[in-house]
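As a plain string of letters, each chain reads:
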Amino acid sequence: MALPPRQLLLVLLGFLVAVSLATLAAAVYADQVGLADWHQKYIGKVKQAVYHTQKSGRRRVVVLTEENVIASLDLRSGDIFWRHVIEKNNPIDQLSLSAGKYVVTLSSGGSILRAWNLPDGQMVWETNIQTSSASKSLLHVLSNSKVVQDNLVLVLAGQWIYAISSIDGLISWGKEFTLDGLEIKQVVQSPENDIVYVVGIAGSSKLAVYQLNAKTGEIVKDAQESLPDGLCGEMLLGSSNVLVALDETRSALFIVEFKGESISYNKVQISEFVQDFSGMVKLLPLMSNGIIALQSSSTVSLLKLKGMNGLEVIHSFDRPASVSDALTITEKDEAFAIVQHVGSQIEFIVKVTSDLTNEIIREKVDIDQHRGSVEKVFLNNYVRTDKSHGFRALVVMEDHSLLLIQQGAVVWSREDGLASIVDVMASELPVEKDGVSVADVEHNLFEWLKGHVLKLKGTLMLASVDELAAIQALRVRSSEKNKMTRDHNGFRKLLIVLTKAGKVIALHTGDGRIIWSNLLPSLRASKSGEMPSALRIYQWQVPHHRVMRENPSILVVGRSGASSVAPGVLCILDSYSGEELNSQRFDHSVAQIIPLILKDSSEQRLHLIVDSNSNAHLYPRSPDALNSFMTEMSNQYFYSVDIQKNAIRGYSLQKSCDFDSGDTYCFSTRLLWSIIFPSDAERISVSETRKMNEVVHTQAKIIADQDVMYKYLSKSLIFVATVSPKAAGEIGSAAPEEASLMAYLIDAVSGRILHRMTHHGAQGPVHSVVSENWVVYHYFNLRAHRFEIAVIEIYDQSRADNKDVLKLILGKHNLSAPMTSYSRPEVMVKSQSYFFTHSVKAMAVTQTAKGITSKQLLIGTIGDQVLALDKRFLDPRRSVNPTQQEKEEGIIPLTDYLPIIPQSYVTHSLQVEALRGIVSIPAKLESTTLVFTYGVDLFYTRLAPSRTYDSLTDEFSYALLLITIVALVAALFVTWIWSEKKELRDKWR
Amino acid sequence: MAARRRSLLMLLPLLLLLSHFLSLAAAFESDELLLHDDDEFEGTRASSTPSPRPPSTPPVVTSSRRRSADTTQAAGASESNTVQFTLEHDLGAGLGFAPAGSFSARLKSSAHGSQTLTKLRFTRNELSEDEKDAFKKLLEEDSFYTIRLPSNVLDPTRHDYIYSSIKARCIPRDSLDEHIVIHMDGVNILAVNYGSVGGCQYPRPMKVPSKWTFNSYTILKTADQAPRTPSFVEQLIETESGLGEVMKPPEKSFWAKYWMYIIPLGLIVMNAVTAAANIPEEQAGGQGRAPAQRAPIAAPSRR
């Protein structure tokens, strides 16, 4: 029986109230975390790894990475136990374990030594060390000897040597060597007694060897010898009083032996015993039982010392190959690993130094092709179940990923290239296909059946572990947010990221999994040693109209070397599969990349690449592209910001290059305008423009008194902030009187300064964001000792007369007149500044599909979180006492401070360590924008700045709605029957 | 009466004094504003300590306008604190930059060593025939007319040049009208914005000027002080203490406040009243009609 009508009404009312309440909720509830967002933790490229050698307990490895992270990883799974991201201005040079329970790190050029508790990563102590110069520092942990009770840690920097107790960080002794210009290169501990051998170079060719008492720091013996040729600084010290050093030219080795106070040496040419060696020769840090490893540009050679007379090559491996450090396995013997590439596999070889001809392990491991070559190997041993020695190794690959190899397989891998993202863009997923072929159906049917059988097994608890995992994977794949097709709301996209290693990775916005990855061959390090650098990533082709069937493609631009004049590299990738479609090496450098709004007939986006000689090159190189460009060429302008010369210059394009008239795709440029900031008063701190793809919904803004203000909307608006040279340093380095910050609004076409403003007593670092007709920038106010955020809004006065409705109807307005930058603009500028509590790492603004939704600023705070701040708080028209009309317009009363509402943290409780960038991508749904934040970690979420006014929330209960409708219909019928019956009864009466 | 008069008499000098002060203050104020036009005060101003400029003053320092036809060399070239710098232009065709006019300005140094320029005058050189031809060519090609200025006016050899360009077709009207905005920072020229006087419509029509003389408008601009509601806290206090009461909206009348309740209430009451009036009427009518109804029934009985 249905409910009586009144109860139904109540249910419906309650339901309506519930729905309206649900839409009111702005922040995320605890149980909603992870529904639309994901967070991934990374550590970066590992540069040093130390295994926890304790026999019991969990297997761990402590790593130090190039992103300045120290982390403790689980050796079984690769998960992070704990991790510390240290600031970049305090770079960690070395890492070591001490006494089996402390991780000791040496940072800032040997001046700070810290100890961390191994199990939980808490800092135990920190010691500041006075060092003479910012030279290369060394950290050496003295192994547990019987005589020295405290586990001493030796720190060597320049002429100084310190011994520090690893228990409490107290300096046990410190010693400065008197030899002028001495730089300590190596330190070795004698295994028998408490003698420490220290080797250093004074000048370039004087070798000095000291023997110190580890307990007191007294010099027991010292010897000095001048070598005939200079040394390059690379040397290896064996425990058996033998030193091998590379000479200045890197073509010969010195074998030095010191007995007591006498030093004898012998010079050996490398070419005598290594065939076809060429290029840069490096000594690899491997030295035990007279074995050394030498790396030349094409090979890695293992050499054995034969007394003083020379060396003998025992093995030679073609590069890319990598050799690990020696690992002590027995009293006498040490093992080391070599990893080399064999076809598509890598070969993992473990040898012992006592018998080089014998191999303990030789395993071939299958490896993902998109990982590049092996860069580093860290060997570790364990005791197998049959009590024999087993070996495993951490391998660092070229794409910065970290793999653990054991028993001929990759146990786990970490995609740590994602910790160093250079650029991000979003790409659409494929459209869901309507027509499906028969083969697909059959295949799908089988899959479908299999899936259902699996699920049935799962519900009946018959499934094995593997099957359970398969069920889970199926569920994940079929769940709405993880599908590989485009959705109606535009929430599902591919985030295509370019990493420092030159790898392009596509992440799914649903759960952040990697869809494809591609280590671009043209951005890989070549054998000649040049290190290409990845620069930017752009949309190359978005299929539309005629070429709908093609996949969209992306453009990756890089440089083939580290310097800015190195020739550029271009790659075009399919954005669905990651395949490289085309790659090209420019014969010019890349200084600036300008994506144009023009497209050629195959929908390829035109790009101008400006080289260091200020010539512009058009891509793609097709006659079609050239044609469409030539018609628009006279309206193309660009500008460059020269931070060294403190100038901004604007250019137009001219017909052909000066040097090469045959190249029709090359255009010379003509300097149109320049702005030179006086270098004694100002220094460019930041320059910012609007996003190319930003959509503005309305030109006008209706203010409280029914008046209209027209926004000055120009794509060529640049915001530049300069600071006085004295205030360019850190906060506090300048007095308020000498510090000032100048804000400029410049038109990039004509070079016109639209607005210029001074903030006295303010200094950088400046972070800014430009959107629509406003600029928001963040700086430090020295007078108030606080951070400030200032806003500038710019309005077009020349259109201010267009208020008359009659004129609008009669067409007597200039709203549709073409905008030209050559007219003198009449602009009105409003600005205001507010105090802000946090210092800022990055700033961005939300972007939506149509630009209707109100904007929020996304502020990456110093605490590595992202704060969403309504733009309404940064309105220059805020006044202390807004009138009733202004209140209706939404103007908030003026306050000194910008409020920080804890619920408005986009990242809720999570932290995006070492936050570097925030990207906002519009979804198809107007109210929603997708926010991707990257640093060492990645974070993605959906954001609705004005709440989801155009859709029902995810929690909306469609079932309840359906039930309600059914119940209503049923009630309708019941009441109808009732009334019929009643009528019948009445008629009978 | 007498006492009051005396007090008035006493007040009079006070008032006079006050007005004197006021006029002095006003004079000082005007002095600040007139600085740029007043030649005689140049010297005295240099020695006096500069008072902070009120933020409301417009950034425009000098606007001097001179026809090139009747110019003589600007006066004061012999004075030591006058600086001159040349404006150069490029008429395309590979001619490079040639002098096109000169600026002269007075160098003003303040007590703490900083120097600024005031009283800027601009003299345009007359265009030669070659230059006219080159300019015509620029107009035909719809090409750029570029000018440049030294970035440091005191030492033109040391620094770079500041460039600015405009499409040549924007300039001609009857004569050649130009508008030059020079952004200064001390004695350094940051930027120069060269443009036409009016707008420059797009697409640009080809137009040859009737008079080959330049009509120049020059403006010197310095940076504004960023506004920051400075006495913000004070204002807040002010509002809380006194101003807040004034800002309170006046009390509304009873009718204005409650009309929305009164009208429906009135309607209901009226409705009720009419309904109440109707009921007795109906009852009366019913009673009245009953005999009438009965009458026709009775009528046939009479038959």
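Residues numbered from 1 in each chain as written. Chains lettered and ligands numbered in written order. Predicted model: local features only at pLDDT ≥ 70, side-chain atom pairs only at ≥ 80, totals over all residues. Heavy atoms only, no water.

Undergrad: Which residues make up the overall build of chain B, and what values do they have?
TA: Scanning chain B from N- to C-terminus turns up five helices and 10 strands. Residues classed as buried in chain B amount to 34% of the 303 residues present. The contacts of chain B with a sequence gap of at least 6 include a subset with a gap of at least 24, amounting to 65%. Taken as a whole, chain B presents about 19100 Å² of accessible surface, with 59% of it coming from carbon and sulfur. (Helix = DSSP H or I, 4+ residues; strand = E, 2+ residues; numbered from the N terminus. Buried < 20%, exposed > 50% of the residue type's maximum accessible area, 1.4 Å probe, protein only. Contact = heavy atoms within 4.5 Å. Areas by Shrake-Rupley, 256 points an atom, 1.4 Å probe, with all protein chains shown as cover.)

Undergrad: Lay out the packing of aromatic side chains in plain terms, naming residues and giving numbers.
TA: Considering all chains together, one arrives at 23 aromatic pairs over all chains under this definition. The ring of Phe 835 of chain A has Arg 786 of chain A sitting right over it, with the charged end atom 4.1 Å from the ring centre. The cationic tip of Arg 124 of chain B hangs over the ring face of Phe 214 of chain B; the distance from NZ or CZ to the ring centre is 3.6 Å. (Phe/Tyr/Trp six-rings, centres within 6.5 Å; stacked < 30°, edge-to-face > 60°. Lys NZ or Arg CZ within 6 Å of the ring centre and 35° of its normal.)

Undergrad: Go over the UniProt feature "transmembrane region" (unreviewed entry) in chain A, please, and point to the residues and values.
TA: Mapped onto this structure's residue numbering, the UniProt feature "transmembrane region" (unreviewed entry) falls at residues 956-979 of chain A. In the segment residues 956-979 of chain A, helix accounts for 92% and strand for 0%; the C-alpha atoms at its two ends are 35 Å apart. (UniProt positions renumbered as here; feature names shortened; annotations may be inferred.)

Undergrad: Can you break down the pattern of salt bridges residue by residue, with the values?
TA: Residue and element names in this part refer to chain A. This model, assessed by the stated rule, comprises 38 salt bridges over all chains. Between Glu 467 and Lys 457 there is a salt bridge whose closest N-O contact spans 2.9 Å. Of this pair, Glu 467 sits in helix H3 (residues 465-478) while Lys 457 sits in helix H2 (residues 438-459), and the two are 10 residues apart along the sequence. Of the residues examined, Lys 457 reaches a relative accessible area of 31% and is grouped as partly exposed. A salt bridge links Asp 511 to Arg 513; the nearest nitrogen and oxygen atoms lie 3.0 Å apart. According to the relative accessible area criterion, Arg 513 is partly exposed, its value standing at 25%. Salt bridges linked by common partners bring Glu 67, Lys 88, Lys 500 and Arg 916 together as one network. (Salt bridge = Lys/Arg side-chain N within 4 Å of Asp/Glu carboxyl O.)

Undergrad: Please provide a residue-by-residue account of the nonpolar core, values included.
TA: Core analysis: the largest hydrophobic core is formed by 59 residues, its most contacted members being Ile 746 and Tyr 822 of chain A together with Phe 103, Leu 117, Phe 135, Tyr 145 and Ile 182 of chain B. With five residues, strand S8 (residues 188-195) of chain B is the largest single contributor of residues to this core. Ignoring anything within four residues of it in the chain, the contact list for Ile 182 of chain B reads Phe 103, Leu 120, Leu 149, Ile 189, Ala 191, Val 192, Ile 219, Leu 220 and Lys 221 of chain B. Within the second largest apolar cluster, 38 residues are counted, among which are Leu 73, Leu 394, Trp 412 and Phe 932 of chain A. (Core = buried A, V, L, I, M, F, W, Y, C linked by side-chain atoms within 4.5 Å.)

Undergrad: Which residues make up unusual backbone geometry, and what values do they have?
TA: Residues and elements named next belong to chain A. The omega angle of the peptide bond from Tyr 619 to Pro 620 is 0°, so this bond is cis rather than trans. Here Pro 620 shows up in the loop between strand S45 (615-619) and helix H4 (623-632). Despite not being glycine, Asn 646 shows a phi value in the positive range, around 60°. Residue placement: Asn 646 occurs in the loop between strand S46 (637-642) and strand S47 (647-654). Residue class for Asn 646 comes out buried when judged on its relative accessible area of 4%. Residue Asp 864 is not a glycine yet carries a positive backbone phi of 60°. Mapped onto the elements of the fold, Asp 864 is located in the loop between strand S60 (856-861) and strand S61 (866-870).

Undergrad: Tell me what's going on with the sheet that holds strand S15 (residues 195-202) of chain A, and back it up with residues and numbers.
TA: Within a sheet, neighbouring strands are paired by backbone hydrogen bonds and run either parallel or antiparallel to one another. All names here are of chain A. Strand order across the open sheet formed by four strands is S14-S15-S16-S17, with antiparallel pairing between neighbours. Bordering the open sheet on either side are strand S14 (182-189) and strand S17 (219-226), each of which pairs with just one other strand. The sheet shows a mean angle of 20° between the axes of neighbouring strands, taken without regard to direction. Of the pairings in the sheet, the one linking S14 to S15 comprises seven bridges and is antiparallel in character. Note on S15: the bridge partner recorded for Leu 182 is Ala 202. (Pairing = 2+ DSSP bridges. Axes fitted to C-alpha atoms, helices over the stretch in contact; angles between N-to-C directions.)

Undergrad: Which residues make up H4 of chain A, and what values do they have?
TA: Within H4 of chain A, the full set of buried residues consists of Ala 625, Leu 626, Ser 628 and Phe 629 of chain A. Check the buried side of H4 of chain A and you find it contacts strand S43 (592-599), strand S44 (605-610), S45, S47 and strand S48 (666-676) of chain A.

Undergrad: Report on the interface of chain A and chain B, specifying residues and quantitative values.
TA: Between chain A and chain B, the contact holds 45 residues from the first and 45 residues from the second. In total, about 3600 Å² of surface goes out of reach between chain A and chain B, with carbon and sulfur atoms giving 51% of it. Counting every contact that joins chain A to chain B gives one salt bridge. One salt bridge connects Arg 756 of chain A with Asp 185 of chain B, and the closest N-O pair in it is separated by 3.9 Å. Linking chain A to chain B there are 13 residue pairs in polar contact (both at pLDDT 80 or more). Those elements that place two or more of their residues in the side of chain A that touches chain B are S47, S48, strand S53 (740-747), strand S54 (753-760) and strand S58 (827-836) of chain A. (Buried area = accessible area lost by both parts, 1.4 Å probe. Polar contact = N/O pair within 3.5 Å; in protein donor to acceptor, adjacent residues only side chain to side chain.)

Undergrad: How would you summarise the side chain of Ser 322 of chain A if you had to cite specific residues and measurements?
TA: Residue and element names in this part refer to chain A. Its location among the elements puts Ser 322 in strand S26 (residues 321-323). Of the residues examined, Ser 322 reaches a relative accessible area of 8% and is grouped as buried. Looking at Ser 322, its side chain comes within polar contact range of the main-chain oxygen of Glu 375, at 3.3 Å. Ignoring sequence-local partners within four residues, the contact set of Ser 322 consists of Ala 337, Ile 338, Val 339, Val 374, Glu 375, Lys 376 and Val 377.

Undergrad: Give a detailed account of the environment of Gly 158 of chain A, specifying residues and quantitative values.
TA: Locating Gly 158 of chain A in the fold gives a position in the loop between strand S11 (152-157) and strand S12 (160-165). Put simply, Gly 158 of chain A and Ile 201 of chain A are 43 residues apart on the chain and 10.0 Å apart in space, counted from C-alpha to C-alpha.

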